[in-house]
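Breakdown of the fold
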Amino acid sequence: MRVALGSDHGGYELKKVILKHLEAQGLKVEDFGTYTSDSVDYPKYGFSVGNAIIKGEADLGIVICGTGQGMSMAANKIPGIRAAVCSETFSARMARAHNNANVLSLGARVIGAGLALDIVDIFLNTEFLGGRHAVRLNLISDIERGETV
Ligand code: RB5
């Protein structure tokens with residue numbers, strides 16, 4: 001599995017922990033920055049991770065900022081991206097199983113590194129169930145293509 005990773009300054013320290021954790025599992029990880037703790041604007045990094053997935057360069061993405069909120073909003077502006085903010089493991093599992101989320105968004109100022117790594121592992125190892133859930137996601141894709149409801 002190929003994972004795209006990105007953060008702003010608020011998520012920089014947690015991103016380093018996650019990068020090490022994923023590489024220790026032998027996963028191929030591309031780190032889209034930021035690469036220092038200097039203040040930056042999070043949308044750029046959310047867009048980079050989202051674009052990597054849409055271009056087929058990564059299977060799933062993980063974005064991290066202070067709350068996870070801004071990063072998810074940015075990533076979700078890219079058609080085809082389904083970014084989910086998760087602060088506990090149940091939502092991470094359901095975001096994959098029911099919503100086929102392709103980006104996990106974490107808040108480094110909300111949860112600790114231990115819980116974040118559990119959430120990451122569950123997100124990356126849960127399969128989409130398809131079926132009725134796919135029908136519902138197609139309704140979201142319709143809106144992205146400009147089809148009105
Ligand atoms: C940066 O201070 C903070 O606003 C950002 O990391 C994030 O939480 C935005 O959603």
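This section reports on the structure supplied with the text. Remember, predicted model here, so these are calculated numbers, not experimental data.

Bringing the overall build of the protein chain into the picture now. Counting secondary structure elements, the protein chain contains 6 helices and 5 strands. Reading the secondary structure of the protein chain in the N-to-C direction produces β-α-β-α-β-α-β-α-β-α-α. A compact globule built from 149 residues should have a C-alpha radius of gyration of about 15 Å, and the protein chain, at 14 Å, falls within 12% of that. Taken over the C-alpha atoms alone, the protein chain extends approximately 45 × 30 × 25 Å along its principal axes. Of all 149 residues assigned to the protein chain, the portion counted as buried reaches 44%. Of the roughly 7,500 Å² of accessible surface on the protein chain, a fraction of 53% belongs to carbon and sulfur atoms. Each charge class in the protein chain can be summarised by its mean position, and for the 15 positive and 16 negative side chains these summaries are 3 Å apart.

The subject of this paragraph is the site of the ligand. Close to the ligand lie Asp8, His9, Tyr42, Cys65, Gly66, Thr67, Gly70 and Arg109, which account for all nearby residues. Take Gly70: an N or O atom from its main chain is 2.9 Å from an oxygen atom of the ligand. Between the ligand and Arg109, the relevant distance is 3.2 Å, taken from an oxygen atom to a side-chain nitrogen or oxygen of the residue. Against a free-state accessible area of 290 Å², the protein chains account for coverage of 71% of the ligand. When the residues that make up the shell around the ligand are grouped by side-chain class, the tally is 2 nonpolar, 4 polar and 2 charged.

Next up on the list: the state of the cysteines. Within this structure, the stated rule accounts for 0 disulfides. Left unpaired, Cys65 is separated from the closest cysteine sulfur, that of Cys86, by 13 Å. Given the relative accessible area of 1%, Cys86 is considered buried.

Attention now moves to the pairing of strand E3 (residues 60-65). For E3, the buried fraction is high: 6 of the 6 residues fall into the buried class. Burial of E3 is two-sided: the residues Leu60, Ile62 and Ile64 facing one way and the residues Gly61, Val63 and Cys65 facing the other way are all buried. Taken together, the 5 bridges between strand E1 (residues 2-7) and E3 define a ladder with parallel strand orientation. In the sheet register, Gly6 faces E3, and the bridge partner there is Val63. Bridge analysis of E3 against strand E5 (residues 103-107) gives 5 bridges, and the strand direction is parallel. Within E5, the position partnered with Ile64 by the bridge is Leu106.

Along the chain, Ile81 falls in the loop between helix H3 (69-75) and strand E4 (83-85). We classify Ile81 as buried; its relative accessible area is 3%. Separated by 22 residues in sequence, Ile81 and Val103 place their C-alpha atoms 7.1 Å apart. Apart from residues lying up to four places away in sequence, Ile81 is in contact with Gly50, Ile53, Ile54, Ala75, Asn76, Asn102, Val103 and Glu144.

Calculation rules
- Residues numbered from 1 in each chain as written.
- Predicted model: local features only at pLDDT ≥ 70, side-chain atom pairs only at ≥ 80, totals over all residues.
- Heavy atoms only, no water.
- Helix = DSSP H or I, 4+ residues; strand = E, 2+ residues; numbered from the N terminus.
- Rg over C-alpha atoms; globule rule 2.2 N^0.38 Å.
- Buried < 20%, exposed > 50% of the residue type's maximum accessible area, 1.4 Å probe, protein only.
- Areas by Shrake-Rupley, 256 points an atom, 1.4 Å probe, with all protein chains shown as cover.
- Lys, Arg positive; Asp, Glu negative; His and termini not counted.
- Charge placed at Lys NZ, Arg CZ, Asp CG, Glu CD.
- Near = heavy atom within 4 Å.
- Polar contact = N/O pair within 3.5 Å; in protein donor to acceptor, adjacent residues only side chain to side chain.
- Nonpolar A, V, L, I, M, F, W, Y, C, P; charged D, E, K, R; others polar.
- Disulfide = S-S within 2.5 Å.
- Pairing = 2+ DSSP bridges.
- Contact = heavy atoms within 4.5 Å.

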